[in-house]
Amino acid sequence: MRLNVKHVTRYRYDHPLAHMVQQLRLTPPASPGQKILSWRIDVPGYETSAHYTDAFGNRVDVISHRDPASELAVSVEGLVETQDRSGVVGATPGPPDVVFLRFTPLTKANPAIRRLGALAERSDDEAVSGFHDLMHAIRDKVAYRTGVTEVHTPAIDALNAGEGVCQDHAHIFIAAARSAGFPARYVSGYMLLEDAQDSEAHHAWAEVLLPTLGWVGFDVSNGICPTDRYIRLTTGLDSRSAAPIRGIRIGGSGENMNVEVAVFRESQQSQQ
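Source: prediction; values computed, not measured. (Residues numbered from 1 in each chain as written. Predicted model: local features only at pLDDT ≥ 70, side-chain atom pairs only at ≥ 80, totals over all residues. Heavy atoms only, no water.)

(A) Seen up close, the nonpolar core. Core analysis: the biggest nonpolar cluster contains 34 residues, and L116, F131, I172, F173, V208 and F218 have the highest contact counts within it. Looking at this core, the elements with two or more residues in it are α1 (111–117), α2 (127–141), α3 (155–161), α4 (166–179), β9 (184–191), β10 (203–210) and β11 (214–218). The greatest single-element share of this core, amounting to eight residues, is contributed by α4. Of all hydrophobic cores here, the second largest spans 22 residues; its members include L26, W39, I231 and V261. (Core = buried A, V, L, I, M, F, W, Y, C linked by side-chain atoms within 4.5 Å. Buried < 20%, exposed > 50% of the residue type's maximum accessible area, 1.4 Å probe, protein only. Helix = DSSP H or I, 4+ residues; strand = E, 2+ residues; numbered from the N terminus.)

(B) Spatial organisation of the sheet that holds β10. Here we have five strands laid out as an open sheet, ordered β6-β11-β10-β9-β12, and antiparallel in their pairing. This sheet does not close on itself; its edge strands, each paired only once, are β6 (88–90) and β12 (230–236). Taken pair by pair, the neighbouring strands of this sheet meet at an average axis angle of 35°, ignoring direction. For β9 and β12, the ladder comprises six bridges, and the chain directions are antiparallel. (Pairing = 2+ DSSP bridges. Axes fitted to C-alpha atoms, helices over the stretch in contact; angles between N-to-C directions.)

(C) Summary view of α2. Taking 1.5 Å of rise per residue, 15 residues should cover 21 Å, and α2 covers 21 Å from first to last C-alpha, within 8% of that figure. Taken residue by residue, α2 has A127, G130, F131, L134, M135, A137 and I138 as its buried positions. All buried residues of α2 fall inside an arc of 165° around its axis, so they share one side. Contacts from the buried residues of α2 go to α1, α4, β10 and β11. (Expected span 1.5 Å × (residues − 1). Arc of directions from axis to C-beta. Contact = heavy atoms within 4.5 Å.)

(D) Region of interest: the pairing of β11. By the criterion of burial, β11 is predominantly enclosed, with five of the five residues buried. Strand direction decides the pairing type here: β6 and β11, joined by two bridges, are antiparallel. Residue pairing in the sheet places V88 in a bridge with V216 of β11. Between β10 and β11, which pair antiparallel and follow one another directly, the connecting turn spans three residues.

(E) Spotlight on the pattern of salt bridges. Going through the model one piece at a time under the given rule, you end up with 13 salt bridges. The partner of R232 in a salt bridge is E207, and the shortest N-O contact between them spans 2.8 Å. With R232 in strand β12 and E207 in strand β10, the pair connects residues that are 25 residues apart, well separated along the chain. No difference in accessibility class separates R232 from E207, as the two residues are buried. Between R249 and E255 there is a salt bridge whose closest N-O contact spans 3.3 Å. Among the residues examined, E255 registers a relative accessible area of 37% and is labelled partly exposed. (Salt bridge = Lys/Arg side-chain N within 4 Å of Asp/Glu carboxyl O.)

(F) How the structure looks around the packing of α2 against α4. Where α2 contacts α4, the axes come no closer than 10 Å and their chain directions differ by 135°. As summarised for this structure, α2 and α4 are arranged oblique, according to the angle between their axes. By crossing handedness, the relation of α2 to α4 is classed as right-handed. On α4, the residues that touch F131, L134, M135 and I138 of α2 are H169, I172, F173, A176 and A177. Class assignment for the residues of the contact of α2 with α4 results in eight nonpolar, one polar and no charged. (Parallel < 35°, antiparallel > 145°, perpendicular 65-115°, else oblique. Left-handed = near helix turned anticlockwise from the far one by under 90°. Nonpolar A, V, L, I, M, F, W, Y, C, P; charged D, E, K, R; others polar.)

(G) Representation of the packing of aromatic side chains. Counted according to the given criterion, the structure contains eight aromatic pairs. Note on F100 and W215: the rings are 5.3 Å apart at their centroids and 80° apart in plane angle, and the pair reads as edge-to-face. Placement of the pair is F100 in the loop between β6 and α1 and W215 in strand β11, with a sequence separation of 115 residues. For F100, a relative accessible area of 2% gives the class buried. For W215, a relative accessible area of 4% translates into the label buried. With a centroid separation of 5.8 Å and an interplanar angle of 40°, the aromatic rings of F131 and F173 are classed as tilted. (Phe/Tyr/Trp six-rings, centres within 6.5 Å; stacked < 30°, edge-to-face > 60°.)

Geometric values such as these leave the question of function open.
The structure is reproduced here in structure tokens:
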């Protein structure tokens, strides 16, 4: 499948920015089942930006904004060819596997999360089945509902609330997997939804490292392993390290941010 992405993040400030530095993790990697056919980032200063690859294999563009501004837009547009691999990513470049066993403030485990993790403690041949059980157990315990949690709510708090969104589901899954001794990581990306649904700003899911298959994705919010409707953008230990846009600023009080994302099949674009 060929998926088009159009993504714009707009910032507006009551008082102008004096200086801002942004880290943009907005370039998807070429990976099994994912081929980047075209990709363009448009933001003031991009032509002179610095570039590097972070510890998790994400491309990072560092943008410095030095001119006073009350508005700023970061635009992304691209075309990606995807394949349905039933969530199996396999081996990917990155840090040693043991890094993804490390708990973070957002992925700490308590007794309730460790009990969930016990669902995945199976033999190597049954590992996939165990994580499917874990995915559905989290989905049963934490209903999808916006406005209950914040961007970086810890897994424990989201599980206690019994409600949350995709990043909460991913954090709980990751905490449970790590508590069971499996390396797990957070994935931020895009997803093609049904025609009647609006695209999310960014979708999130989790990947776990299984002995026989390598990295395998699980989308708790939708109760499935990622298909060819998904585009992997960034990976990290949690939503903080995998955030597509991070930055620091001087000035620019009263920030208002608006995000618009459209994901559609290439054939749909030709009809628009």
